[in-house]
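Reading the structure
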Amino acid sequence: MEVTDQLVNNLANLARLRFDDAERTAIKSDLQKMIAFVEQLQQVNTSQTAPLMHMGDAINAYRQDIVKGSMDKTTALQNAPLANNDYFKVPKVIKK
Amino acid sequence: MSNYDKYEAVIGLEVHAQLLTQSKLFCGDSAAFGAAPNTHISEITLAYPGTLPKLNKEAATLAIRLGLACNCRIERKNYFARKNYFYPDLPKGYQVSQHTTPICVGGHVGIQTATGERNIILNRIHIEEDAGKSIHDADENYTCVDYNRAGVPLVEIVTEPDMHNADEAYAYITELRKLVRYLDVCDGNMEEGSLRCDANVSIRLKGEKNLGIKVEVKNLNSIRNVKKAIEYEIKRMIDIVESGGTIIQQTRSFDAATDTTFAMRDKEEANDYRYFADPDLPPFIITEAEINSIRNAMPALPNALKEKYKTQYGLTEYDASVITDDKETITYYEAIIKECNHYKAAANWLLGPVKSYCNDKGITAAAFPLSAKALASLIQLVEDGQCSFSVASSRLLQAMLETGKTDALAVATTLNLLQNSDGDAIAAWVDEVINNMPDKVAEYRKGKKGLIGLFMGEVKKISKGKADPKMTTQLLTEKLNEKN
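Report on the accompanying structure. The shown structure was predicted, so the numbers you read here are calculated from the model rather than taken from an experiment. (Residues numbered from 1 in each chain as written. Chains lettered and ligands numbered in written order. Predicted model: local features only at pLDDT ≥ 70, side-chain atom pairs only at ≥ 80, totals over all residues. Heavy atoms only, no water.)

1. So, the side chain of N225(B)
Residues and elements named next belong to chain B. Among the structural elements, N225 can be located in helix α3 (residues 223-242). Taking the relative accessible area as the measure of exposure, N225 reaches 8% and is therefore buried. The contacts of N225, once residues within four sequence positions are left out, are L220, F254 and A256. (Helix = DSSP H or I, 4+ residues; strand = E, 2+ residues; numbered from the N terminus. Buried < 20%, exposed > 50% of the residue type's maximum accessible area, 1.4 Å probe, protein only. Contact = heavy atoms within 4.5 Å.)

Next comes the structure, spelled out in structure tokens:
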């Protein structure tokens, strides 16, 4: 798989990262190596292998429907980069 | 002027229903609506590093209950996936959803429209978590976010593109809302957003098999608005095509002030959510035994009850459908017929005097002050011929409602409202009427048999409604005919 500028830009956008030209060249080369490494796995015949969805054997980790209570609002808001007395404040986003 | 008849609309609905759990989907914050902002949040809701979410079992139970009611196949092996995207109302940077294995697959919801009954085919019902609430107009320069709703459990109920006009969509969502409320899966409150609907609408020439370009309409916060938005959208799209234009794939919003829709955004660059199985949440396996226990705990469904009322209890289509229209009325009716087996009479009482009382007071059948047992004693009294319906439904019912007394026979006795089936007393009233109206009697005897009603009315009047009608008719007929 060829890593193009467009692919890097797209991934950067999805990950909310920003690269200048020099960084883009570097990450392009790193990505190319990583993908080539992983591509070796494609050579293994997995047609008879079930996909491994989870790493452990644990199943059914349920909790009962009980309200445990919440942290108080002041605690919740104290680490927010920006807040008023009631709300977290974020840059204006367009109405969904 | 567009030729609307050439086209067929194709509509699919996505309904998000908030599950009626106490706590959130993956942690113990309260899921209740309406709390002060940011007071139902914990480390898990806020996605602090090192926290571990855990599935609320009740959410799975409620989703299965709804799936069984909609005739879905229940998926045995379930897991949650992360849907990755950045939006400030989503603290984790991903939404946890059942992307690949919806817990309920296929199924249908029966609807009834003017053109008859049919099933709307479902694609799936899956569990996911809700996002927080963004408030855009509280602050001039910032968007304010309340995370109380973040992580509240939802099911998304997705139909196939299987509806073809706004009436079908209206009937479907009405039926679905009735069902989730009946099953205690969701409170169905569209204004508070516990039931939300998005509509996917496209048009095509009749006979065409391929689907047209679709538009998604959001912000449909009432069932009426779902209908209005779809009607508007179908007309808008046909007008575009008929005037030579091209429909573009868009997300549109409904404006309830003008009953129109407006474009929110054109289709952005294809979304790339990079779904993958959430490693923090192990798979959950639903067993046959669990499904059976959920099924066995479910009440009979409104449609099944309606059928039973019609076929086994002999109720009319209208009566059966009004009784099964809401849970409160069903519960009350079922309680009455446990006390007495006069099915039709019970329906008449419920849809007559009880309903008009409830309508007057603006209450549901659940808040009707007389217990089912008390009403049943009243029904029994009338069916036994001890009291006429008109006296019972006006004076006796009134007296019971006012005094709170529950034994109809005792109240009727006290108030002297019992019908007289003592032959001597009725014979005396009958004689009195016949003696008082010699002209009418003569006319009757000449063949004007319709006058029997008049005589009956007179007996009723002088007996103050206490003469048993059957015996009165019998005695009147005998007396009128004997001197013939």
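2. A word on the packing of aromatic side chains
Counted by the stated rule, this structure contains 13 aromatic pairs over all chains. Between Y309(B) and Y333(B) the ring centres are 4.9 Å apart and the planes differ by 70 degrees, which places this aromatic pair in the edge-to-face class. Pair noted here: Y309(B) is in helix α5 (residues 302-311) and Y333(B) is in helix α7 (residues 327-339), with a separation of 24 residues, a long-range link. On the basis of relative accessible area, Y309(B) is assigned to the buried category, the value being 0%. Since its relative accessible area comes to 0%, Y333(B) is described here as buried. Centre to centre, the rings of W349(B) and F389(B) are 5.1 Å apart; their planes meet at 70 degrees, and the pair counts as edge-to-face. With W349(B) in helix α8 (residues 343-361) and F389(B) in helix α10 (residues 389-403), this residue pair connects regions lying 40 residues apart in the sequence. Put simply, the rings of Y62(A), F26(B), F80(B) and F284(B) pair up and form one aromatic cluster. Positioned over the ring face of Y273(B) is K83(B), at 4.5 Å from the centre of the ring. (Phe/Tyr/Trp six-rings, centres within 6.5 Å; stacked < 30°, edge-to-face > 60°. Lys NZ or Arg CZ within 6 Å of the ring centre and 35° of its normal.)

3. Some points on unusual backbone geometry
Even without glycine at this site, N60(A) takes up a positive phi of about 50 degrees. Its identity is not glycine, yet N71(B) carries a phi of approximately 60 degrees, on the positive side. Tracing the chain through its elements places N71(B) in the loop between α1 (57-69) and β3 (73-74).

4. Thoughts on the nonpolar core
In this structure, L66(B), I157(B), Y172(B) and I230(B) are the most contacted members of the largest nonpolar core, which totals 71 residues. If near-sequence neighbours (up to four positions away) are discounted, I157(B) is found in contact with L13(B), E14(B), V15(B), A17(B), L66(B), L122(B), R124(B), I125(B), Y172(B) and L176(B). (Core = buried A, V, L, I, M, F, W, Y, C linked by side-chain atoms within 4.5 Å.)

5. Points about the interface of chain B and chain A
Across the boundary between the two partners, chain B contributes 53 residues, which contact 37 residues of chain A. For the pair chain B and chain A, the two sides together bury roughly 4,100 Å², of which 60% comes from carbon and sulfur. The largest per-residue losses of area from chain B upon contact with chain A belong to F86(B), H136(B) and Y142(B), which jointly make up 13% of the total buried on that side. Here chain B and chain A share one salt bridge between them. For K89(A), the salt bridge goes to D139(B), with nearest N and O atoms at 3.3 Å. (Buried area = accessible area lost by both parts, 1.4 Å probe. Salt bridge = Lys/Arg side-chain N within 4 Å of Asp/Glu carboxyl O.)

6. Some details on the pairing of strand β15 (residues 250-255) of chain B
Working note: regular strand, side chains alternate between the two faces of the sheet. Residue and element names in this part refer to chain B. Summarising burial for β15: five of the six residues are buried, a large majority. Direction of pairing for strand β14 (residues 215-220) relative to β15: parallel, over a ladder of four bridges. Bridged to V217 within β15 is R252. Taken together, β14, α3 and β15 form a β-α-β motif whose crossover is left-handed. (Pairing = 2+ DSSP bridges. Right-handed = clockwise from strand over helix to strand, strands pointing away.)

7. Remarks on the pairing of strand β5 (residues 81-84) of chain B
Residue and element names in this part refer to chain B. Where burial is concerned, the two faces of β5 agree: the one with A81 and K83 and the one with R82 and N84 are both buried. Where β5 meets strand β6 (residues 94-97), four bridges bridge the pair, whose relative direction is antiparallel. The residue bridging K83 from the neighbouring strand is Q95, located in β6. As paired strands, β5 and strand β17 (residues 276-277) are joined by two bridges and run antiparallel to one another. Bridge pairing in β17 places R82 opposite F276.

8. As for the packing of α1(B) against helix α4 (residues 288-296) of chain B
Residues and elements named next belong to chain B. Where α1 contacts α4, the two axes come as close as 10 Å, and the packing angle between them is 70 degrees. Between α1 and α4, the angle is such that the two are roughly perpendicular. Along this stretch, α1 crosses α4, giving a crossing that reads as right-handed. When α1 is examined against α4, the residues K57, T61, I64, R65 and L68 are found in contact with a partner set consisting of E290, I291, I294 and R295. For the contact of α1 with α4, a count of residues per class yields four nonpolar, one polar and four charged. (Axes fitted to C-alpha atoms, helices over the stretch in contact; angles between N-to-C directions. Parallel < 35°, antiparallel > 145°, perpendicular 65-115°, else oblique. Left-handed = near helix turned anticlockwise from the far one by under 90°. Nonpolar A, V, L, I, M, F, W, Y, C, P; charged D, E, K, R; others polar.)

9. A closer look at a nonpolar patch on the surface
Residues F37(A), V38(A) and L41(A) make up a contiguous nonpolar surface patch of about 340 Å² in total accessible area. Using a relative accessible area of 46% as the deciding quantity, one classes V38(A) as partly exposed. (Patch = residues over 30% accessible without salt bridge, like charges linked within 9 Å, V, L, I, M, F, W, Y side chains within 5 Å. Areas by Shrake-Rupley, 256 points an atom, 1.4 Å probe, with all protein chains shown as cover.)

10. Thoughts on the side chain of N200(B)
Residues and elements named next belong to chain B. Its location among the elements puts N200 in strand β13 (residues 195-205). Reaching out from N200, the side chain makes a polar contact with the side chain of E14 at a distance of 3.2 Å. When near neighbours in sequence (up to four residues on either side) are disregarded, N200 contacts V10, I11, G12, E14, K214, V215 and E216. (Polar contact = N/O pair within 3.5 Å; in protein donor to acceptor, adjacent residues only side chain to side chain.)

11. As for the sheet that holds strand β11 (residues 142-146) of chain B
The antiparallel open sheet is built from three strands, whose spatial order is β2(A)-β11(B)-β10(B). Only two strands of the sheet have a single partner each, and these edge strands are β2 (88-91) of chain A together with β10 (133-135) of chain B. The sheet shows a mean angle of 35 degrees between the axes of neighbouring strands, taken without regard to direction.

12. Digging into the layout of surface pockets
Residues and elements named next belong to chain B. Considered as a void within the structure, the second largest pocket measures approximately 1,100 Å³ in volume. Taken together, 40 residues make up the lining of the second largest pocket; nearest its centre are E175, K178, P302, N303 and T324. Those elements that provide at least two residues to the lining of the second largest pocket are β8 (108-113), β9 (116-129), α2 (166-182), α5, α6 (317-323) and α7. At nine residues, α2 tops the list of elements feeding residues into the lining of the second largest pocket. A breakdown of the residues in the lining of the second largest pocket according to their chemical character gives 16 nonpolar, nine polar and 15 charged. Of the domains in this structure, domain 1 (4-289) and domain 2 (299-414) are the two that each give at least three residues to the lining of the second largest pocket. (1 Å grid on protein atoms, 1.4 Å probe; cavity = no way out; pocket = protein on both sides within 12 Å on 5 of 7 lines; lining within 4 Å. Points joined across faces, edges and corners; volume = space filled by probe spheres on them. Domains from an automatic or database assignment.)

Note that all results are geometric; they support no functional claim without further evidence.
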